[in-house]
Amino acid sequence: MARRGHRPSQASSNRPRFWGRHAVIAALANPNRTVRKIWGTREALAALDLPPVVPITYAEAADLGRLVPADAPHQGLVAEVDPLEDMWLGDLLHEGQDDQRPLVVLDQVTDPHNVGAILRSAAAFDALGIVTQDRHAPPESGTVARSASGALETVPWIRVVNLARALEEIAEAGFWRIGLTGHANQTLAQAMGTQRICIVLGAEGEGMRQNTEAHCDELAKLPISSKVESLNVSNAAAIALYAVAAR
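For the structure given in this document, a descriptive report is provided here. In this text, all values refer to a predicted model and were calculated from it rather than measured experimentally. (Residues numbered from 1 in each chain as written. Predicted model: local features only at pLDDT ≥ 70, side-chain atom pairs only at ≥ 80, totals over all residues. Heavy atoms only, no water.)

A word on the pairing of strand β5 (residues 103-107). Side-chain positions along a regular strand alternate between the two faces of the sheet. The buried fraction of β5 is high, at five of five residues. Burial along β5 is two-sided: the residues Leu-103, Val-105 and Asp-107 and Val-104 and Leu-106 are all buried. Two strands pair when backbone bridges link them, and β5 and strand β6 (residues 129-133) are joined in this way by three bridges, in the parallel orientation. Looking at β6, one finds that Val-105 is bridged to Val-131. Crossover handedness for the path β5 to helix α5 (residues 112-124) to β6: right-handed. Sheet analysis places β5 next to strand β9 (residues 196-202), joined by five bridges and oriented parallel. (Buried < 20%, exposed > 50% of the residue type's maximum accessible area, 1.4 Å probe, protein only. Helix = DSSP H or I, 4+ residues; strand = E, 2+ residues; numbered from the N terminus. Pairing = 2+ DSSP bridges. Right-handed = clockwise from strand over helix to strand, strands pointing away.)

Here is the structure:
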């Protein structure tokens, strides 16, 4: 496919390590992912249908624990992989031009657990993809892959240098950009209508930056009770994606 529109970031030269059955099996199943090496216990590796070209090292569980962050639930499997090749925003928008799949934009959401959980929700509700900034977002990592439970391999993740310009390109593709914020005067249900929806979410605590809000068509809130001040950004994304799917 020809490259279109907003330029993506440059791929990281570091090879992340994934751990846990879901993350490793999903990486092996992704034809666009290069798995360089796998470490595992004999029991865990015996349960996999491994390509003969992937180098395998048998290891005890304690040894695997030294390959990943402390207390990481590796389930007897660790894989070293190449980062996925960057995708251009314009190509993603072209791919989804004939359907109603929603898009998710994250403004400076840096917690890898949250990004992974949002990828998982995006897969569950068939989102077109997620868009993050180049510098203020986590890299591909074992934590993201584990939290995404396989969705890192199936949901396109676009990294852009300038989020405001990316939001302009998203609007030109026919998306109605709704920024979620607690100070909005209307709920998400009131703001959606029948258009193709792009949900925009900001970091926990600080929320969306002013310039990001300015590049939204409307601002909306989730109808949560006064018993809590706000929701975790990954919970908010899941609820918003469900609302789009159920309208």
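Further remarks concern the packing of aromatic side chains. For the structure on display, the rule yields one aromatic pair. Aromatic pair Phe-125 and Tyr-242: ring centres 6.1 Å apart, planes at 70°, arrangement edge-to-face. Here Phe-125, found in the loop between α5 and β6, pairs with Tyr-242, found in helix α10 (residues 233-246); they are 117 residues apart in sequence, far enough to count as distant. For Phe-125, a relative accessible area of 27% puts it in the partly exposed group. Lying across the ring of Trp-157, Arg-159 places its NZ or CZ 4.2 Å from the centre. Between Arg-196 and the ring centre of Phe-175, over which it is positioned, the NZ or CZ distance is 4.1 Å. (Phe/Tyr/Trp six-rings, centres within 6.5 Å; stacked < 30°, edge-to-face > 60°. Lys NZ or Arg CZ within 6 Å of the ring centre and 35° of its normal.)

This part covers the sheet that holds β9. Taken in spatial order, the six strands make up an open sheet running β7-β6-β5-β9-β8-β10, and their pairing is parallel. Two strands lie at the open edges of the sheet, namely β7 (157-160) and β10 (218-220), each paired on one side alone. For this sheet the average axis-to-axis angle between neighbouring strands, irrespective of direction, equals 25°. Where strand β8 (residues 175-180) meets β9, five bridges bridge the pair, whose relative direction is parallel. Looking at β9, one finds that Ile-178 is bridged to Ile-199. Lying over the sheet, α5 contacts β5, β6 and β7, oriented at roughly 155° with respect to β6. Running at roughly 170° to β9, α10 makes contact with β5, β8 and β9 of the sheet. (Axes fitted to C-alpha atoms, helices over the stretch in contact; angles between N-to-C directions. Contact = heavy atoms within 4.5 Å.)

Here the focus is the packing of α5 against α10. In contact at an axis separation of 8 Å, α5 and α10 are set at 10° when each is read in the N-to-C sense. Compared by their axis directions, α5 and α10 come out roughly parallel. The chirality of how α5 crosses α10 is right-handed. Contacts from Asn-114, Ala-117, Ile-118, Ser-121 and Ala-122 in α5 reach Val-233, Ser-234, Ala-237, Ala-238 and Leu-241 in α10. Of the residues belonging to the contact of α5 with α10, the class tally is seven nonpolar, three polar and no charged. (Parallel < 35°, antiparallel > 145°, perpendicular 65-115°, else oblique. Left-handed = near helix turned anticlockwise from the far one by under 90°. Nonpolar A, V, L, I, M, F, W, Y, C, P; charged D, E, K, R; others polar.)

Of all the five residues making up strand β4 (residues 77-81), five are buried; the element is thus mostly covered by neighbouring parts of the structure. Side chains of β4 alternate between two faces, with Leu-77, Ala-79 and Val-81 and Val-78 and Glu-80 buried alike. Bridge count for strand β1 (residues 17-19) against β4 is three bridges, and the pairing is antiparallel. Among the inter-strand pairings, Trp-19 is bridged to a residue of β4, identified as Val-78.

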